[in-house]
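Examining the three-dimensional arrangement
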Amino acid sequence: MARAVTLIRSASLSDIAEYAYAATAPAEARLIFLAGACPLNGDGSTAAVGDYAGQAQKAVENMRTALADAGATLRDVISTRVLVASARREDLVTAWQVVRDSFGDHDVPSTLMGVTVLGYDDQLVEIEAVAAVLDA
């Protein structure tokens, strides 16, 4: 199946970032804008309370489900924003590593942000994403 997303890397920018600096999708692509994927269980409770990695994993799992319901996969994601409720860089890196590993070699442009608080009780991680697909 043809993919809509083209990742763009720049030889003029540092290669230390673990993601492409830009991405494109053709005009005929259908864009999918996902709400922030939260680490919520099916019953609405927060998963992995106090665990940044565990919450990031659950958020990725929920993002995969939302993407599948929209006819997409992680390989169709064109960008992400990872929100982590912490002022500690180590906590951000812990959550980021789970997200980064989940995408494998599809290293989409991403932003990692520390925030003061997220919307659900005991929530530490949320992942926003945009995807692009070519419908047959």
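Since this is a predicted model, take the numbers as computed values, not measurements. Sequence order sets the numbering: in each chain, residues are counted from 1 along the sequence as written. Where totals are concerned, whole chains, interfaces and linings use all residues; where local detail is concerned, this predicted model gives features only for residues with pLDDT of at least 70, and gives and counts side-chain atom pairs only at 80 or more. Hydrogens are left out, water is left out, and the side-chain values use all remaining heavy atoms of the structure.

Space inside and on the surface of the protein is sampled on a 1 Å grid over the protein atoms alone, with a cavity defined as a set of points where a 1.4 Å probe fits but cannot get out and a pocket as an open set with protein on both sides within 12 Å along at least 5 of 7 lines; lining residues have an atom within 4 Å of a point. Grid points are joined across faces, edges and corners, and a volume is the space filled by probe spheres set on the points. Across all of its chains, the model carries one cavity of 30 Å³ or more by this definition. Put simply, the largest cavity is a space of about 50 Å³. Contributing to the lining of the largest cavity are Glu18, Tyr19, Thr80, Trp96, Val99, Arg100, Phe103, His106, Asp107, Val108 and Ser110. Among the elements that line the lining of the largest cavity, the one with the most residues is helix 2 (residues 89-103), at four residues. By definition, any uninterrupted DSSP run of H or I lasting at least four residues is a helix, any uninterrupted run of E lasting at least two residues is a strand, and each is numbered from the N terminus.

Moving on: the sheet that holds strand 5 (residues 110-115). In spatial order, the strands read 3-6-4-5; together these four strands make up an open sheet with mixed pairing. Of all strands in the sheet, those bounded by a partner on one side alone are strand 3 (30-37) and strand 5. Along the sheet, successive strands turn relative to each other by an average axial angle of 10°, direction set aside. Strands qualify as paired when DSSP identifies two bridges or more between them. For strand 3 and strand 6 (residues 125-133), the ladder comprises six bridges, and the chain directions are antiparallel. Residue Leu31 lies in a different strand from strand 6, and its bridge partner there is Ala132. Seen against the sheet, helix 1 (residues 52-69) touches strand 3, strand 4 (77-85) and strand 6 and runs at an angle of roughly 30° to strand 6. Two residues form a contact once any of their heavy atoms are found within 4.5 Å. Fitting a line to C-alpha atoms yields each axis, with helices limited to the stretch in contact; the angle taken between N-to-C directions then spans 0 to 180 degrees. Together, strand 4, strand 5 and strand 6 form the strand contacts of helix 2, whose direction differs from that of strand 4 by roughly 155°.

It is worth spelling out the layout of surface pockets at this point. Taken as a whole, the largest pocket encloses approximately 230 Å³ of empty space. Lining the largest pocket are Ala17, Glu18, Tyr19, Arg89, Leu92, Val93, Trp96, Gln97, Ser110, Thr111 and Leu112. When residues in the lining of the largest pocket are grouped by element, the largest group, five residues, is from helix 2. Its residues assigned to classes, the lining of the largest pocket comprises six nonpolar, three polar and two charged. Charged residues are taken to be Asp, Glu, Lys and Arg, nonpolar residues to be Ala, Val, Leu, Ile, Met, Phe, Trp, Tyr, Cys and Pro, and polar residues to be all remaining types, Gly included.

This part takes up the nonpolar core. Nonpolar side chains in soluble globular proteins generally cluster together in the buried interior. The definition of a nonpolar core used throughout is a set of buried Ala, Val, Leu, Ile, Met, Phe, Trp, Tyr and Cys residues joined through side-chain atoms within 4.5 Å. A 1.4 Å probe rolled over the protein chains alone gives each residue an accessible area, and that area as a share of the maximum for its type sets the label: buried under 20%, exposed over 50%, partly exposed in between. Ranked by size, the top nonpolar core spans 35 residues in total, and within it Met63, Leu67, Val77 and Ile127 carry the most contacts. Of all the secondary-structure elements, those providing two or more residues to this core are strand 3, helix 1, strand 4, helix 2 and strand 6. With seven residues, the top contributor of residues to this core is strand 6. Among all residues touching Leu67, those that are not within four sequence positions of it are Leu34, Ala72, Thr73, Leu74, Val77 and Ala131.

To continue, consider unusual backbone geometry. Even without being glycine, Ala48 reaches a positive phi, approximately 45°. Among the secondary structure elements, Ala48 is positioned in the loop between strand 3 and helix 1. Looking at Ala48, the relative accessible area reads 30%, which means it is partly exposed. A positive phi angle, near 65°, is found at Asp122, a position not held by glycine. Within the secondary structure, Asp122 is located in the loop between strand 5 and strand 6. In this structure Asp122 comes out as partly exposed when scored by relative accessible area, which is 49%.

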